[in-house]
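# Observations on the model geometry
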Amino acid sequence: MSFPKGFLWGGAVAANQVEGAFQEGGKGLSTADLITGGSVSSPRLFSPVLQSDCYYPSHDAIDFYHNYVQDIALFAEMGFKVFRLSIAWSRIFPNGDDKEPNEAGLDFYDRVFDECRKHGIEPLVTLSHYEMPWALVQRYRGFHDRHTIDLFVRYAKTVFARYHSKVKYWLTFNEINSAVSLMGMYGSLGVLQPEDLENDELRPMYLLKDQPQERFEALHNQFVASALAVQAAHEIDPDLMVGCMISHITMYPLTCRPTDILECQKKDRITNKFCSDVMVRGEYPSYMMRWFREAGIDSSYITDHDRQILHAGKVDFYTFSYYMSNCVTVQTDAEQTTGNLLGGAKNPYLKTSDWGWQIDPEGLRYTLNALNDRYPHIPLMVVENGLGADDTVESDGSVHDPYRIDYLRAHIQAMHEAIEDGVNLIGYTTWGPIDLVSISTGEMKKRYGFVYVDRYDDNSGSGARIRKDSFRWYQKVIASNGADLS
């Protein structure tokens, strides 16, 4: 078993989960910098004012900002062909609407991309990965104001022009479909209500006030911003490829009851297909227009001019994260999962991770085939897939993580089967190749990496990097182009 020649093997991280140095190099405050750490049982908290007695994991993270040379060298040692990372928008435009970009921020990413290139690693860069300059939330309520479209496009043009000779592959918004639910209201869209901005008390993210009308208007503005960015990239350099990024939570009907099947189809369309249909096909799907009517969403904000922009700014490739699958039923008494994103009925045939996420490698093959059928003319890439676990450093300094190897092996085997099925899959980046801050819980304890980072949830630790057993395993996988998974 081997993968196509030139297959892009690598790993993925996000700026706010690895960089740290949140006030260095002229960086402005971002939305991610205002969210505290949490745990599987304690939610992350938000306040519009930094609290002196709280731990904010993004402030230090794993200090990639000062350690990128050694970290990229570790990725090169594993044989990475591609490294997915994000640019912190607030490093380039600290307030989002500054007259000139911050040269220190631009220079930092110049050095990071140069380091990747030195090792023959292709950067895959996300423009907005669950953060934006905090000042844009305060002044414009994020993407609810159409002015933010122009500010995002200016930011995109700035980095495209600066890095086009170093970065070929770009993504506009990470997991843009998170905005169809409450979870995307703040980190992705920046749409806070005035009372949320005025109240300085810490509170769980799920208690922020949600206005679905404004949330979907803001999401539409992101669609327009993304389409304009795609057009700008192609004008700056026709060789640039710009993709979408979807959080794909594969859904099955719990039973063969027709009402379960219809309910599953409805939720799958809204959750997984809506955003990519707009970004890949360049138009709003008819099923979503019906859903807007029934949900009381006034869609008059979608102008004819916007529709032209969406059609002209279709993405070049489709990327997605895949961690789990969900079951859907109309039964009100069905047993529910405790950890899956978006919840769902429990699948009795699947095991779960320590954080309650259902593990379904066969679902990845199913998903890849379904996506290839739906979007047959553009390449696909899995840009997040991994297992969060509580790893232990042994007395001799080793870290044994056979559970991670088993998880990844099964998903890689599923990808190979999908390629044999005819799927146009061009790459795979695990989440994350080095331990980082978990976005869902704000923990370091929930570790994903092939590299252990000596940092803990009380902000202690030396920051030392330790190769886990999975490090050598993934090195072997890449060297054999997927042929050796033993």
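What counts, and at which threshold
- Residues numbered from 1 in each chain as written.
- Predicted model: local features only at pLDDT ≥ 70, side-chain atom pairs only at ≥ 80, totals over all residues.
- Heavy atoms only, no water.
- 1 Å grid on protein atoms, 1.4 Å probe; cavity = no way out; pocket = protein on both sides within 12 Å on 5 of 7 lines; lining within 4 Å.
- Points joined across faces, edges and corners; volume = space filled by probe spheres on them.
- Helix = DSSP H or I, 4+ residues; strand = E, 2+ residues; numbered from the N terminus.
- Nonpolar A, V, L, I, M, F, W, Y, C, P; charged D, E, K, R; others polar.
- Salt bridge = Lys/Arg side-chain N within 4 Å of Asp/Glu carboxyl O.
- Buried < 20%, exposed > 50% of the residue type's maximum accessible area, 1.4 Å probe, protein only.
- Phe/Tyr/Trp six-rings, centres within 6.5 Å; stacked < 30°, edge-to-face > 60°.
- Lys NZ or Arg CZ within 6 Å of the ring centre and 35° of its normal.
- Pairing = 2+ DSSP bridges.
- Axes fitted to C-alpha atoms, helices over the stretch in contact; angles between N-to-C directions.
- Contact = heavy atoms within 4.5 Å.
- Expected span 1.5 Å × (residues − 1).
- Core = buried A, V, L, I, M, F, W, Y, C linked by side-chain atoms within 4.5 Å.
- Arc of directions from axis to C-beta.
- Parallel < 35°, antiparallel > 145°, perpendicular 65-115°, else oblique.
- Left-handed = near helix turned anticlockwise from the far one by under 90°.
- Polar contact = N/O pair within 3.5 Å; in protein donor to acceptor, adjacent residues only side chain to side chain.
- Right-handed = clockwise from strand over helix to strand, strands pointing away.

Considering only enclosed or pocket space, the second largest pocket measures out at about 290 Å³ in volume. Surrounding the second largest pocket, 17 residues form its lining, Met-251, Lys-267, Thr-271, Val-328 and Leu-342 being those nearest its centre. Listed by contribution, the elements that provide at least two residues to the lining of the second largest pocket are α9 (258-281) and β10 (325-328). Element by element, the count of residues in the lining of the second largest pocket is highest for α9, at five residues. Its residues assigned to classes, the lining of the second largest pocket comprises seven nonpolar, seven polar and three charged.

Looking now at the pattern of salt bridges. All told, the structure shown has 33 salt bridges when counted by the stated rule. Measuring nitrogen to oxygen at the nearest pair gives 2.9 Å for the salt bridge that ties Arg-215 to Asp-210. The exposure class of Arg-215 is buried, given its relative accessible area of 6%. Accessibility expressed as a relative area gives 25% for Asp-210, which makes it partly exposed. Measuring nitrogen to oxygen at the nearest pair gives 2.5 Å for the salt bridge that ties Asp-391 to Lys-468.

Our focus in this paragraph is the packing of aromatic side chains. Inspection of every chain in the model, using the stated rule, returns 40 aromatic pairs. Just above the ring of Trp-357 sits the side chain of Lys-446; from NZ or CZ to the centre is 3.9 Å.

Strand-to-strand pairing in sheets goes through backbone hydrogen bonds, with the strands running parallel or antiparallel. Pairing in this closed barrel of eight strands is parallel, and the strands run β1-β3-β4-β5-β7-β9-β13-β14 around the ring. Pairwise comparison of adjacent strand axes, ignoring direction, gives a mean angle of 25 degrees for this sheet. Note that strand β13 (residues 380-384) and strand β14 (residues 425-431) share three bridges and pair parallel. Among the inter-strand pairings, Val-382 is bridged to a residue of β14, identified as Tyr-428. Along the sheet face, helix α6 (residues 147-163) touches β4 (122-128) and β5 (169-173) and points at about 165 degrees away from the line of β4.

Moving on: α6. Between its first and last C-alpha atoms α6 spans 25 Å; for 17 residues at 1.5 Å apiece the expected length is 24 Å, and the two agree. Among all positions of α6, only Thr-148, Ile-149, Leu-151, Phe-152, Val-153, Tyr-155, Ala-156, Thr-158, Val-159, Phe-160 and Tyr-163 are buried. Residues of α6 that are buried sit in contact with α3 (89-92), α4 (103-118), β4, α5 (134-140), β5 and α8 (212-236).

On to the nonpolar core, then. Counting residues in hydrophobic clusters, the biggest one holds 137 residues, and the most contacted among them are Trp-170 and Phe-274. No other element matches α8, which puts ten residues into this core. Ignoring anything within four residues of it in the chain, the contact list for Trp-170 reads Ile-87, Leu-124, Val-125, Leu-127, Val-159, Phe-160, Tyr-163, Leu-240, Met-241, Val-242, Gly-243 and Phe-317.

Among all positions in helix α14 (residues 469-479), only Ser-470, Phe-471, Trp-473, Tyr-474, Val-477 and Ile-478 are buried. Down the axis of α14, the buried set is contained in an arc of 165 degrees. They therefore lie on one face. Taken together, the buried residues of α14 touch β1 (8-12), α2 (64-78), α13 (402-420), β14, β15 (451-453) and β16 (465-467). Looking one or two residues past α14, Asn-481 carries a phi angle of roughly 55 degrees, positive in sign.

A few words now on the packing of α13 against α14. It is the contact of α13 with α14, at a shortest axis distance of 10 Å, that shows an interaxial angle of 20 degrees. Considering their axes alone, α13 and α14 lie roughly parallel with respect to each other. For the crossing formed where α13 meets α14, the hand is right-handed. Taken together, the residues of α14 that come into contact with α13 (itself represented by Arg-404, Ile-405, Leu-408, Arg-409 and Ile-412) are Asp-469, Ser-470, Trp-473 and Val-477. Each residue belonging to the contact of α13 with α14 can be placed in one class, and the counts come to five nonpolar, one polar and three charged.

It is at 10 Å that the axes of α8 and α9 come closest, and there the two elements cross at 35 degrees. Considering the relative orientation of α8 and α9, their crossing is right-handed. Side by side, α8 and α9 meet where Phe-216, Leu-219, Phe-223 and Ser-226 of the first sit next to Phe-274, Cys-275, Val-278 and Met-279 of the second.

Its location among the elements puts Ser-128 in strand β4. Its relative accessible area of 4% is what places Ser-128 among the buried residues. Side-chain polar atoms of Ser-128 contact the backbone oxygen of Glu-131, separated by 3.2 Å. Excluding residues that lie within four positions of it along the chain, Ser-128 makes contacts with Phe-152, Thr-172, Phe-173 and Asn-174.

A word on the pairing of β13. Most of β13 is tucked away, with five of its five residues classed as buried. Across four bridges, strand β9 (residues 317-321) lies against β13 in parallel orientation. Following the sheet pairing, Phe-320 is matched in β13 by Val-382. A crossover links β13 with its parallel partner β14, the connecting element being α13, and its sense is right-handed.

Its location among the elements puts Gln-475 in helix α14. For Gln-475, a relative accessible area of 23% puts it in the partly exposed group. Those residues in contact with Gln-475 that sit more than four places away from it in its chain are Glu-77 and Met-78. At a separation of 2.8 Å, a polar atom in the side chain of Gln-475 contacts the main-chain carbonyl oxygen of Glu-77.

With that out of the way, let us pick up the side chain of Asn-326. With respect to the helices and strands, the residue Asn-326 is situated in strand β10. Excluding anything up to four places from it in sequence, Asn-326 contacts Ile-249, Thr-250, Met-251, Tyr-252, Asn-340, Leu-341, Leu-342, Gly-343 and Gln-358.

Turning our attention to the pairing of β14. Looking down a regular strand, the side chains alternate between one sheet face and the other. In terms of burial, β14 is largely enclosed, as six of its seven residues are buried. In terms of strand pairing, β1 meets β14 through five bridges, oriented parallel. Opposite Ala-12, over in β14, you have Trp-431 as the bridge partner.

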